[in-house]
Amino acid sequence: MVTLLLGAIILLWAILAFRTVRGMNGLPELPAASLIPDADCPPVSILFSARDEAEQLPQALASLLTQDYPHYQVIAVDDRSSDATGRILDEFAAHSPHLKVIHLTEELPSGWLGKPHGLQCAYEASSGAWMVFTDADVRFEPEVLRRAMALVLQYRWDHLTLLGVVDMVGFWEKVALTYFTAGFILGVQPWRVSDLHSGHYIGVGMFQLIRRSAYEAIGTHRRLALEVVDDMKLGKLVKQGGFHSGVAVAGEAVAVRWHAGLANIIRGTTKNFFAADNFNPGRVLMRALGLIVTSLLPAAAVFVASDLLDRVLGLIATVIAAGLQGYSARGSGRSMLYGLTHPLGTVIFCYMLARSMAVTLWRGGV
């Protein structure tokens, strides 16, 4: 029975690895996109909402305001910050004609979460024919807008998500984030998003470029007012609305220092993981069980199985899973050797799932 199970796990990982490598290698790469001339550049509005982002905001904002693009504006919403976020935004606005700052000081309206409300306010103050939704800590290289626009015009997309990189410092961050990245790619399958007949969708908070008319047709962020994972749900609305969505690999051209340290990564994802499973405990438990069976069971079999064949099969399954995580780590600019931490990443991820569910249920919401 164990032998058959391990054989099935090997087959599963082999299929996933083949599909993932082939699919990801087929995605367009932003650095390879052409630099379109000024005359072909429609007006773009870059929108973000910030709350207590003073530490990373200056570097990110500076990168947004030095874009090599002829017609763009940055609409920044200060969402009731208690730190220096508002002051930093005002200081940048005083020296840049591209930046417009909106300060929100009143209580959050009923029926809204903070980030969707901030982005809705940013949209209402914007004028671009295209809009980029991003976060207050994301850094863009100067040619990002011009190359991203070249891609949507080339492929006739209404919506483009760029897959950037996350800065990782120290062993534990790299273990958790390379595992998380591999899991995200396996779950979302970005290479299938552009297929209009596929149900796959994507939206990443680092960079989403969307045609204004498409955004208005799907109902704007008013449709996402209470969504915790509003970035992914924006991508879902695009697909459901019949619009064409695409994905490209940005590499270092779009980067973020997400959470510093493993403890902050765990705390920072508490509100997201249970929400990503639609607050369904059954789905969380099934996901965790699936990870334990496919990732931890083969690794355990290598050391504790009494039958030599089972040990060999467990090793093969573990090597394939580790190779897939190593492939993801390489795409993030990290050593493929971090794939060897796959079982450890599984334990951390299952804990994060369980913690997100437990804390959300204990608090009665996010």
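For the structure itself, look to the data block above.
Here is what the cut-offs are and how they apply
- Position numbers for residues count from 1 along each chain, tracking the sequence in the order it is written.
- This being a predicted model, a pLDDT of at least 70 is required before a residue's local features are given, and a value of 80 or more before pairs of side-chain atoms are given or counted; all residues contribute to the totals for chains, interfaces and linings.
- Side-chain metrics in this entry use all non-hydrogen atoms of the structure; hydrogen atoms and water are not considered.
- Secondary structure elements are taken from DSSP: a helix is a run of H or I of four residues or more, a strand is a run of E of two residues or more, and numbering for both begins at the N terminus.
- All radius of gyration figures rest on C-alpha atoms, and the globule criterion is 2.2 Å times the number of residues raised to 0.38.
- Burial classes follow relative accessibility: with a 1.4 Å probe on protein chains only, a residue under 20% of its type's maximum area counts as buried, one over 50% as exposed, and anything between as partly exposed.
- The contact criterion used is simple: two residues touch if any of their non-hydrogen atoms lie within 4.5 Å.
- Reported accessibility uses the Shrake-Rupley method at a 1.4 Å probe radius. Residues are deemed covered only where the shown protein chains occlude them.
- The sign given to each residue is positive for Lys and Arg and negative for Asp and Glu; His and the chain ends receive no count.
- Lys charges are placed at NZ, Arg charges at CZ, Asp charges at CG and Glu charges at CD.
- Polar contact is the term for a pair of N or O atoms within 3.5 Å; when the atoms are in protein, one must be able to donate a hydrogen and the other to accept it, and sequence-neighboring residues count only if both atoms are side-chain atoms.
- Classification of ring pairs uses Phe, Tyr and Trp, with its six-membered ring standing for Trp, and accepts pairs whose centres are within 6.5 Å; under 30 degrees between planes counts as stacked, over 60 as edge-to-face, and the remaining range as tilted.
- A patch consists of residues whose relative accessible area exceeds 30% and which take part in no salt bridge; residues with like charges are grouped when within 9 Å of each other, and nonpolar side chains (Val, Leu, Ile, Met, Phe, Trp, Tyr) when within 5 Å.
- Whenever Lys or Arg places a side-chain nitrogen within 4 Å of a carboxyl oxygen from Asp or Glu, that contact is recorded as a salt bridge.
- Pairing between strands is defined by DSSP: at least two bridges between the two strands are required.
- Note on definitions: angles span 0 to 180 degrees between N-to-C directions of axes, and those axes are lines fitted to C-alpha atoms, for helices only across the stretch in contact.
- Side-chain atoms within 4.5 Å link the members of a nonpolar core, which is a set of buried Ala, Val, Leu, Ile, Met, Phe, Trp, Tyr and Cys residues.

**Structural notes on the overall build of the chain**
Helix and strand counts for the chain come out as 13 helices and 8 strands. A globule of 366 residues ought to have a C-alpha radius of gyration of about 21 Å, and the chain, at 21 Å, matches this closely. Projected onto the principal axes, the alpha-carbon positions of the chain cover approximately 70 × 45 × 40 Å. Scored against the burial criterion, the 366 residues of the chain give a buried share of 52%. Partitioning the contacts of the chain with sequence separation of at least 6, the portion at a separation of at least 24 is 81%. Of the roughly 16,700 Å² that the chain leaves accessible, carbon and sulfur atoms contribute 60%. Separation of charge centres in the chain, based on 30 positive and 31 negative side chains, amounts to 7 Å.

**Remarks on the environment of P43**
You can see P43 is positioned in the loop between helix 1 (2–25) and strand 1 (44–50). Residue P43 is classed as partly exposed on the basis of its relative accessible area of 41%. Separated by 221 residues in the primary sequence, P43 and N264 have C-alpha atoms spaced 37 Å apart. Contact partners of P43, with chain neighbours within four places excluded, come to H71, G128, A129 and W130.

**Describing unusual backbone geometry**
The backbone of R156 shows a phi angle near 60°, a positive value even though the residue is not glycine. Since its relative accessible area comes to 70%, R156 is described here as exposed. A positive phi angle is found at Q189, which is not glycine, with a value near 55°.

**Thoughts on the side chain of T134**
Here T134 is to be found in the loop between strand 4 (130–133) and strand 5 (138–140). A polar contact of 2.6 Å, which involves the side chain of T134, links it to the backbone oxygen of M206. Ignoring any residue separated from it by four or fewer positions in sequence, one finds T134 in contact with I46, L47, F48, F140, G205 and M206.

**Considering the packing of aromatic side chains**
One pass over the structure, following the stated rule, counts 8 aromatic pairs. Taking the centre distance of 5.4 Å and the plane angle of 55° together, the rings of F140 and F207 count as tilted. Placement of F140 in strand 5 and of F207 in the loop between helix 6 (171–188) and strand 7 (208–211) is noted, with a sequence separation of 67 residues between them. With a relative accessible area of 4%, F140 lands in the buried category. Accessibility expressed as a relative area gives 0% for F207, which makes it buried. Taken together, a centroid distance of 4.6 Å and an interplanar angle of 10° make the contact between Y155 and W157 stacked. Overall, W157 belongs to the buried group, its relative accessible area being 4%. An aromatic cluster of three or more residues is present, and its members are Y123, F133 and Y215.

**Concerning a nonpolar patch on the surface**
On the surface, F171, W172 and L344 cluster together into a nonpolar patch covering about 280 Å² of accessible area. Topologically, L344 is positioned in helix 13 (residues 342–363).

**Some thoughts on the pattern of salt bridges**
Scanning the entire structure with this criterion turns up 13 salt bridges. For R146, the salt bridge goes to D68, with nearest N and O atoms at 3.3 Å. Of this pair, R146 sits in helix 5 (residues 144–155) while D68 sits in the loop between helix 2 (57–64) and strand 2 (72–79), and the two are 78 residues apart along the sequence. Residue D68 is classed as partly exposed on the basis of its relative accessible area of 36%. As a salt-bridge pair, E227 and K233 come within 3.2 Å of each other at their nearest N and O atoms.

**Let's talk about the sheet that holds strand 3 (residues 99–104)**
Within a beta sheet, neighbouring strands are joined by backbone hydrogen bonds and run either parallel or antiparallel to one another. Judged by pairing direction, the sheet is mixed, and its 8 strands sit side by side in the order 3-2-1-4-7-6-8-5 without closing on themselves. Each edge of the sheet is formed by a strand with only one pairing partner; in this case those strands are strand 3 and strand 5. Strand-to-strand twist of the sheet, defined as the mean angle between neighbouring strand axes without regard to direction, takes the value 30°. Direction of pairing for strand 4 relative to strand 7: antiparallel, over a ladder of 4 bridges. What sits directly across from W130, in strand 7, is R211. Against the sheet, helix 5 touches strand 1, strand 2, strand 4, strand 5, strand 6 (159–166), strand 7 and strand 8 (245–256), its axis set at about 135° to strand 6.

**Description of the nonpolar core**
Counting residues in hydrophobic clusters, the biggest one holds 77 residues, and the most contacted among them are F48, V74, L160, L162, F207, L209 and V254. At 7 residues, helix 5 tops the list of elements feeding residues into this core. Once residues lying within four places of it in the same chain are set aside, the contact partners of V74 are I46, F48, L61, L64, L65, H98, L99 and K100. Core analysis: the second largest hydrophobic core is formed by 19 residues, L104, L119, L224 and L237 among them.

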